[in-house]
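So you can see what is in the structure, the chains are spelled out below.
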Amino acid sequence: MSATTSTPIHPVLSNRRSPRSFDATATISNEALVAILEAARWAPSANNFQPWRFHVGVRGDEVFNSILSTLVPFNQSWANRASALVLVSIVNQNEDGTPRPISGFDAGLAVSQLTFEAHSRDQVAHQMAGFDHEKAAILFDGATPIVIMAIGKQAAADLLEGPAYDREIAPRTRKPLSEVVIKGLPN
C-alpha cells in the first residue's frame, strides 16, 4: 500500500515499508545482496570518509546467528526469518583520533540507499535499534554499532502475532510537513 503523500514522490519511496513478516523460505541471491551493499557504498560521505561498516550474515550462517543473538527477544522472534541481517557500525573518529561527529549522519545516508536498493529489488528492509549494543561491539571488532537491518522477502502479516502483528497491519503514518519543516515551507 502506497503512502498518502502531500505531493507525488518516487514509488520506491512511497511504497517502502519496514515490515516484520519475512518469508522464512526465501533466500537472497549473492548478486542482489552485493548490489544492495554497493548502493550503500556510493552514499554521500563528508570528505569521502565512509565511516560505515557492514557485518553481513545470511540466514543459517555464523554471522547471521551472531547478529541475531544481539537482538532483543521481540526482534529475534521475527528477524530470524529474514534472508539476511546487517549490523551497521561506524568509525566515529578521524585517523588522528579526533572525534568525527558526522559519522552517524553519513551512515544514515548509506542505510537509506541500502534500504531503497533493497526495495527496488523486491526485497524489504527493517531497521532495528533494539539490540545489545555492547555485545554487538564485542562480537564485531569494537566499532560503534548503530543499527541492525533485516532484509528479505515480505510474507503475510498473519505469520506474526501479538504486538508484532498489530504493528504490521497498522496504517503508515508520518507527521505532516508543517511539523517537521520549521521555516521555509512553500505555500
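Please refer to the structure placed before this passage.
These figures come from a predicted structure and were not determined experimentally.

Chemist: Any chance you could break down the overall build of the protein for me, citing the residues and the numbers?
Modeler: Counting its secondary structure elements, the protein contains eight helices and four strands. Going residue by residue from the N terminus, the α and β elements of the protein occur as α-α-β-α-α-β-α-β-α-β-α-α. A compact globule built from 187 residues would reach a C-alpha radius of gyration of about 16 Å, and the protein, at 17 Å, matches this within 12%. Seen along its three principal axes, the alpha-carbon backbone of the protein occupies a region of about 45 × 45 × 30 Å. Considering only contacts within the protein whose residues lie at least 6 apart along the sequence, 73% involve residues at least 24 apart. Positive and negative side-chain charges of the protein, numbering 16 and 18 respectively, have mean locations separated by a distance of 7 Å.

Chemist: So what's going on with the sheet that holds strand β3 (residues 124-128)? Residues and values would help.
Modeler: Taken in spatial order, the four strands of this open sheet run β1-β2-β4-β3, and their pairing is antiparallel. The outermost strands of the open sheet, each flanked by one partner alone, are β1 (52-58) and β3. Across the sheet, the mean angle from the axis of one strand to that of its neighbour is 25°, orientation sign disregarded. Where strand β2 (residues 84-90) meets strand β4 (residues 144-152), seven bridges bridge the pair, whose relative direction is antiparallel. When the sheet's bridge partners are listed, Leu-87 is paired in β4 with Ile-148. Of the strands in this sheet, β1, β2 and β4 touch helix α2 (residues 30-41), which is tilted by about 170° from β1.

Chemist: Account for the pairing of β2, naming residues and giving values.
Modeler: Consecutive residues of a regular strand have side chains that alternate between opposite faces of the sheet. Of all seven residues that make up β2, seven are buried, and the element is covered over most of its length. Of the two faces of β2, the one carrying Ala-84, Val-86, Val-88 and Ile-90 and the one carrying Leu-85, Leu-87 and Ser-89 are both buried. Relative to β2, β1 runs antiparallel, the two sharing seven bridges. If you follow Phe-54 over to β2, its bridge partner there is Val-88.

Chemist: How would you sum up unusual backbone geometry? Please name residues and give values.
Modeler: Phi is positive for Asn-48, close to 55°, though the residue is something other than glycine. Tracing the chain through its elements places Asn-48 in the loop between α2 and β1. Judged by its relative accessible area of 56%, Asn-48 falls in the exposed class. Of note in the backbone geometry, Gln-50 takes a positive phi value of approximately 50° without being a glycine. Secondary-structure assignment places Gln-50 in the loop between α2 and β1.

Chemist: Lay out the environment of Phe-54 with the relevant residues and their values.
Modeler: The topology assignment puts Phe-54 in strand β1. On a C-alpha basis, the gap between Phe-54 and Val-88 in space is 4.9 Å, while along the polypeptide they are 34 residues apart. The residues touching Phe-54, leaving out its near neighbours within four places in the chain, are Leu-37, Ala-40, Val-86, Leu-87, Val-88, Ala-110 and Leu-114.

Chemist: Tell me about the side chain of His-126, and name the residues and values.
Modeler: Within the element layout of this structure, His-126 appears in strand β3. For His-126, the side chain forms a polar contact with the main-chain oxygen of Pro-19, separated by 3.2 Å. In this structure His-126 touches Ser-18, Pro-19, Arg-20, Phe-22, Trp-78, Ile-148, Met-149 and Ala-150, once residues within four positions along its chain are discounted.

Chemist: Explain the packing of aromatic side chains to me, using residue names and the numbers behind them.
Modeler: Scanning all chains against the criterion turns up one aromatic pair. Aromatic side chains Phe-22 and Trp-78 sit 6.1 Å apart centroid to centroid with 10° between the ring planes, which places their arrangement in the stacked category. Here the residue Phe-22 occupies a position in the loop between α1 (11-14) and α2, and Trp-78 occupies one in helix α4 (residues 73-79), the gap between them amounting to 56 residues. The exposure class of Trp-78 is buried, given its relative accessible area of 0%.

Cut-offs applied
- Residues numbered from 1 in each chain as written.
- Predicted model: local features only at pLDDT ≥ 70, side-chain atom pairs only at ≥ 80, totals over all residues.
- Heavy atoms only, no water.
- Helix = DSSP H or I, 4+ residues; strand = E, 2+ residues; numbered from the N terminus.
- Rg over C-alpha atoms; globule rule 2.2 N^0.38 Å.
- Contact = heavy atoms within 4.5 Å.
- Lys, Arg positive; Asp, Glu negative; His and termini not counted.
- Charge placed at Lys NZ, Arg CZ, Asp CG, Glu CD.
- Pairing = 2+ DSSP bridges.
- Axes fitted to C-alpha atoms, helices over the stretch in contact; angles between N-to-C directions.
- Buried < 20%, exposed > 50% of the residue type's maximum accessible area, 1.4 Å probe, protein only.
- Polar contact = N/O pair within 3.5 Å; in protein donor to acceptor, adjacent residues only side chain to side chain.
- Phe/Tyr/Trp six-rings, centres within 6.5 Å; stacked < 30°, edge-to-face > 60°.

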